[in-house]
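Structural features, examined
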Amino acid sequence: MKFNRREILKYSAIASGACILGMKGELGMASQKSQVTFLQTDDRREGIRTLFKTLKDKPVKGKNVLIKPNFNTADPTPGSTHNDLLVAIAEEVWKLGAQSVSVGDRSFPPTLDVMEKKGILPLLEKLQVRVTHFDDLKEKDWVEFKPKGSHWPDGFRIARPVLESEYLISTGCLKTHQYGGIFTLSLKLHVGVVPTSRQGFEYMRQLHGSPHQRKMIAEINEPFKPNLVIMDGIEAFVDGGPATGKRAQGNVFWASSDRVAVDAVGVALLKHLGGNDQIMKRKIFEQEQIARAAELGLGASSAGEIELVAADTKSKEYCDGIRRILSQG
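All of the points below concern the structure found in this document. Keep in mind it's a predicted model, so treat the numbers as computed, not measured.

Quick notes on the pattern of salt bridges
Scanning the model with the defined rule gives 19 salt bridges in all. Residue Arg-292 is joined to Glu-295 by a salt bridge in which the shortest nitrogen-to-oxygen separation is 2.7 Å. Taken together, the positions of Arg-292 and Glu-295, both in helix H12 (residues 288-295) and three residues apart, correspond to about one turn of that helix.

The structure is reproduced here in structure tokens:
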């Protein structure tokens, strides 16, 4: 199946009613500014409970929820999503009345091997969470897109479960990327919805061999829109990454439905923690992933379009500091 821009927008509209975490813990429709909720914490389970308490309504009630983690490899967090975080998200989604909960990803080694090595499978089974490893998808379930102006030479494919999810939650880590991405946050997280050579496609070879790698990362995000992105910055890589690197303690979660705003805040956090030169010596909205995503209309196009909101009084001072870095670029 091949899709033009109009059809891409149609798929994006699946999540057009998505809500974002907002000021005073309310959940509202997207306004002129993209709101990002900011929580200082070193406890993943309590942090997720606090974030979900800010949901005024029950946006997942009666819906089939798909959670897309960072399971590129089985390396310890921030190399991959922490098991406690994934379990906590699933628990809260069930409490909100989800019809079903699934976890889906495509890893660098075989996905099932990564999940087994992490020990997440029995935890998900206990919670009655379905596991969808995209390695097993049939060719028809890798939906092809050829958007105009794309830097992908022959377009790309996206996993159908992501496109057709009733409620998509993406969750990633705070880290740099030493193989050309510069950083790997919410935009880069979604490289895991594109197939690899194991599925008969050479997209990863194209991506990592291209001088436009960072723009291509942004472009694969165009056909779909997560309803909620939750980022774990309790631990971070400020150099190296994505599997191993120089560690720093971030002690933060942040969440929004706007991937551009999420990544802009993430880069501000990396600047705060003392990232490498590629982070520190470049303006946030001049980073190619962010600039291209903003150009495609995937989210905020400047710091002035982002409203960073502390989830509680304890988080306010930290939040104010990151807001200053964000505004300074």
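Topic: the packing of helix H2 (residues 44-53) against helix H3 (residues 83-95)
Taken N-terminus to C-terminus, the directions of H2 and H3 make an angle of 35°; their axes are 9 Å apart at the nearest point. Crossing hand, H2 versus H3: right-handed. Of H3, the residues touching H2 (which contributes Arg-44, Arg-45, Ile-48, Arg-49 and Phe-52) are Asp-84, Leu-85, Val-87, Ala-88, Ile-89, Glu-91, Glu-92 and Val-93.

Some thoughts on helix H10 (residues 259-273)
In a regular helix each residue adds 1.5 Å, so 15 residues correspond to 21 Å; H10 covers 21 Å between its end C-alpha atoms and thus fits that length. Within H10, 14 of the 15 residues are buried, which leaves it mostly tucked inside the rest of the structure. Sitting at the head of H10, Asp-258 places a side-chain oxygen 2.9 Å from the backbone nitrogen of Val-260. The positive-phi residue at the C-terminal boundary of H10 is Gly-274, with phi of around 90°.

Observations regarding the packing of aromatic side chains
Counting across every chain of the model gives six aromatic pairs. The interplanar angle of 90° and the centroid separation of 6.4 Å between the aromatic rings of Phe-134 and Trp-142 together place this pair among those described as edge-to-face. Of the residues examined, Phe-134 reaches a relative accessible area of 0% and is grouped as buried. When the ring of Phe-201 is compared with that of Tyr-203, the centres are 5.5 Å apart and the planes differ by 10°; the resulting orientation is stacked. The exposure classification of Phe-201 matches that of Tyr-203, with both residues buried. Put simply, the rings of Phe-145, Trp-152, Phe-156, Phe-201 and Tyr-203 pair up and form one aromatic cluster. The ring of Phe-224 is capped by Arg-259, whose NZ or CZ atom sits 5.4 Å from the centre of that ring.

A short note on H12
For H12, the complete set of buried residues consists of Gln-289, Ile-290, Arg-292, Ala-293 and Ala-294. In this structure, the buried residues of H12 make contact with strand S11 (182-183), helix H7 (186-189), helix H9 (213-219) and H10. A positive phi of about 80° marks Gly-297, the residue just after H12.

Concerning unusual backbone geometry
The residue after Thr-77, namely Pro-78, is reached through a cis peptide bond having omega 10°. Assignment of secondary structure puts Pro-78 in the loop between strand S5 (64-68) and H3. With an omega of 10°, the peptide bond running from Gly-241 to Pro-242 counts as cis. You can see Pro-242 is positioned in the loop between strand S12 (228-240) and strand S13 (245-249). Positioned with a positive phi, Gln-128 is a non-glycine residue whose angle comes to about 60°. In this structure, Gln-128 sits in the loop between helix H5 (121-126) and strand S7 (130-133). With phi around 75°, Ile-182 is a residue other than glycine that occupies positive phi space.

Observations concerning the packing of H10 against H12
Two elements in contact, H10 and H12, have axes separated by 10 Å at closest approach and are oriented at 160°. As the angle between them shows, H10 and H12 are arranged roughly antiparallel. Crossing geometry of H10 relative to H12 is assigned as left-handed. Listed contacts from H12 to Val-260, Asp-263, Ala-264 and Val-267 of H10 are Gln-289, Ile-290, Ala-293 and Ala-294. Looking at the contact of H10 with H12 residue by residue, the classes come out as six nonpolar, one polar and one charged.

What counts and how
Residues numbered from 1 in each chain as written. Predicted model: local features only at pLDDT ≥ 70, side-chain atom pairs only at ≥ 80, totals over all residues. Heavy atoms only, no water. Salt bridge = Lys/Arg side-chain N within 4 Å of Asp/Glu carboxyl O. Helix = DSSP H or I, 4+ residues; strand = E, 2+ residues; numbered from the N terminus. Axes fitted to C-alpha atoms, helices over the stretch in contact; angles between N-to-C directions. Left-handed = near helix turned anticlockwise from the far one by under 90°. Contact = heavy atoms within 4.5 Å. Expected span 1.5 Å × (residues − 1). Buried < 20%, exposed > 50% of the residue type's maximum accessible area, 1.4 Å probe, protein only. Polar contact = N/O pair within 3.5 Å; in protein donor to acceptor, adjacent residues only side chain to side chain. Phe/Tyr/Trp six-rings, centres within 6.5 Å; stacked < 30°, edge-to-face > 60°. Lys NZ or Arg CZ within 6 Å of the ring centre and 35° of its normal. Parallel < 35°, antiparallel > 145°, perpendicular 65-115°, else oblique. Nonpolar A, V, L, I, M, F, W, Y, C, P; charged D, E, K, R; others polar.

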